[in-house]
Amino acid sequence: LQIISPVRSASFPTRRNFPRPDASPPPVMIRFSSARRLFVFLAFGLCGLAPLSAAPHSAPAFAWANLPPHPRLFANAEQWQALRVRLSPSASAASDPVSTRLFALIRARAESILALPPVVITQRKRGNLAGTILEPAREIQRRVLALAATARLTGDARFRDRALVEMRLLTALPDWNPAVFLDTAEATLAVAVGYDWLYDALSPAERDTLATALIEK
């Protein structure tokens, strides 16, 4: 979340720019990056809905044997469906204007991604993080979040297919550069969220490819 004000923070008051006592404060605009916009959207859209039904388990083996069904990251199927109903054409936008507006922005971003070529994964050549894939991994993550959320809420297979294209770029790599932990973390989040949110729309072979990459890379 970026707060943007027309007042320059580095400037000192002068006769020219010192605000008058009776002057109203300048407007403050809020700008969201695409990834943060999605999480803010989910926070607003899922607020007040039923909590996840899975309770924490102290025994790891027991927990692995009793995982809730997909999706389970950030929201479950019931919460996604409730949000989908609230965003449906039959619902009034006035009933949830924040979620309606945020989803319109996310869907517009997802639509724009369809017209772009897939991300090209290249390693940084110079600097302290030479060899990192951080920038392309983060771009894939941003795309997968927008595409998978839009696919989940609209059922449009175009977004599922394109999210899978982006995730396959990561699964095709020999590893996710564990020497730079951020590389591994960003790639893992991209694939994990895409795998979880799109699980019902993936074939068994597609699920295996993504799950294997999460374990091995």
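See the structure printed just above.
The structure displayed is predicted, hence computed values, not measured ones.

### Examining the pattern of salt bridges
(1) Moving on: The full count for this structure, using the stated rule, is 13 salt bridges.
(2) Moving on: Here R158 makes a salt bridge to E111, at a shortest N to O gap of 3.1 Å. Taken together, the residues span a long stretch of sequence, with R158 in helix α6 (residues 157-171) and E111 in helix α4 (residues 97-114) at a distance of 47 residues.
(3) Moving on: Note on R158: relative accessible area 39%, which makes it partly exposed.
(4) Moving on: Close ionic contact of R143 with E166 constitutes a salt bridge, the shortest N to O distance being 3.1 Å. On the criterion of sequence distance, the pair formed by R143 in helix α5 (residues 134-154) and E166 in helix α6 is long-range, its members being 23 residues apart. Note on accessibility: R143 and E166 belong to one class, buried.
(5) Moving on: Linked by salt bridges that have partners in common, R109, E139, R142, R143, R162 and E166 make up one network.

### Things to note about α6
(1) Moving on: The first and last C-alpha atoms of α6 sit 21 Å apart over 15 residues, in line with the 21 Å expected at 1.5 Å per residue.
(2) Moving on: Looking at α6, one finds that the buried residues are F159, R160, R162, A163, L164, E166, M167, L170 and T171.
(3) Moving on: Lining the buried residues of α6 we find α4, α5, α7 (181-197) and α8 (204-216).

### Thoughts on unusual backbone geometry
(1) Moving on: Of the consecutive residues H70 and P71, the connecting peptide bond is found in the cis state with omega at -5°.
(2) Moving on: Within the secondary structure, P71 sits in the loop between α2 (60-65) and α3 (77-86).
(3) Moving on: One non-glycine residue with positive phi stands out, namely N177, at about 50°.
(4) Moving on: Along the polypeptide, N177 turns up in the loop between α6 and α7.

### Comments concerning the packing of aromatic side chains
For any pair of aromatic rings, the description consists of the separation of the ring centres together with the inter-plane angle of the planes.
(1) Moving on: Summed over the entire model, instances satisfying the criterion amount to three aromatic pairs.
(2) Moving on: Ring centres 6.3 Å apart and planes at 75° place the aromatic pair F74 and W197 in the edge-to-face group. You can see F74 sitting in the loop between α2 and α3 and its partner W197 sitting in helix α7, a full 123 residues away along the chain.
(3) Moving on: Take W197: its relative accessible area is 1%, and that puts it in the buried class.
(4) Moving on: Here a set of aromatic residues connected by ring pairs shows up, and it is made of F74, W80 and W197.

Parameters at a glance
- Residues numbered from 1 in each chain as written.
- Predicted model: local features only at pLDDT ≥ 70, side-chain atom pairs only at ≥ 80, totals over all residues.
- Heavy atoms only, no water.
- Salt bridge = Lys/Arg side-chain N within 4 Å of Asp/Glu carboxyl O.
- Helix = DSSP H or I, 4+ residues; strand = E, 2+ residues; numbered from the N terminus.
- Buried < 20%, exposed > 50% of the residue type's maximum accessible area, 1.4 Å probe, protein only.
- Expected span 1.5 Å × (residues − 1).
- Contact = heavy atoms within 4.5 Å.
- Phe/Tyr/Trp six-rings, centres within 6.5 Å; stacked < 30°, edge-to-face > 60°.

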